[in-house]
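A structural walkthrough
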Amino acid sequence: MNFLEFHRAGGPYMGIISFMGLLVLVIAGIKIYQMVALKQYNQKLIGLIRMGGSFAAALGVLSQIIGIVQALEAIRAAADISPEMVMGGAIVSFYSTIWGLTVLVFSLLIYYVLKEVIKQKMPGNN
């Protein structure tokens, strides 16, 4: 399964989770530009990186819960469901959670690296 199939199978929230990941990368790019080109070292916007990752993870878990509830309602309404079909749906329900947690891990990594660099370079810390 390639990334596009993974993204489509994960449901409608995958786009929002991906958007949060892109937002984290844009903010990190702005901070890196400020540090490298402008020599500005401040903590402005840095909290948005951590918050974006946290929001992506929470949205991934919420998406999984919504998907499982919908699947359980469909199973209850159907007369006969194969175990393979149930397991296939259960596996797909984890896609959004996996993607949300992946965004969280990378955003936290970016957040703490930038935070430490800024802390080292800020005036008065030398």
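Procedures and definitions
All residue numbers here refer to positions counted from 1 along the written sequence of the relevant chain. A pLDDT threshold of at least 70 governs which residues receive local features in this predicted model, and a stricter bar of 80 or more applies before side-chain atom pairs are shown or counted, although totals over entire chains, interfaces and linings include all residues. The basis for every side-chain value is the complete set of non-hydrogen atoms in the structure, without hydrogens or water. Fitted lines through C-alpha atoms give the axes, limited to the stretch in contact for helices. The angle between two N-to-C directions lies from 0 to 180 degrees. Working definition: helices are DSSP H or I runs of at least four residues, strands are E runs of at least two. Numbering for both runs from the N terminus. Angle categories are assigned with fixed cut-offs, so that under 35 degrees is roughly parallel, over 145 is roughly antiparallel, 65 to 115 is roughly perpendicular, and the rest are oblique. Amino acids are sorted into nonpolar (Ala, Val, Leu, Ile, Met, Phe, Trp, Tyr, Cys and Pro), charged (Asp, Glu, Lys and Arg) and polar (every other residue, Gly among them). Note on definitions: a residue-residue contact is assigned when non-hydrogen atoms from the two residues lie within 4.5 Å.

Bringing the packing of helix 3 (residues 46-77) against helix 4 (residues 83-121) into the picture now. It is at 7 Å that the axes of helix 3 and helix 4 come closest, and there the two elements cross at 175 degrees. Judged on the interaxial angle alone, helix 4 and helix 3 are roughly antiparallel. Looking at the contact of helix 3 with helix 4, its residues break down into 18 nonpolar, 11 polar and two charged.

Attention now goes to the packing of helix 2 (residues 13-36) against helix 3. Two elements in contact, helix 2 and helix 3, have axes whose closest approach is 9 Å; the angle formed by their N-to-C orientations is 170 degrees. In terms of their interaxial angle, helix 2 and helix 3 are classed as roughly antiparallel. Residue-level contacts link Y13, I16, I17, M20, V24, I27 and A28 of helix 2 to L48, I49, G52, G53, F55, A56, L59, G60, S63 and I66 of helix 3. Here the residues of the contact of helix 2 with helix 3 sort into 13 nonpolar, four polar and no charged.

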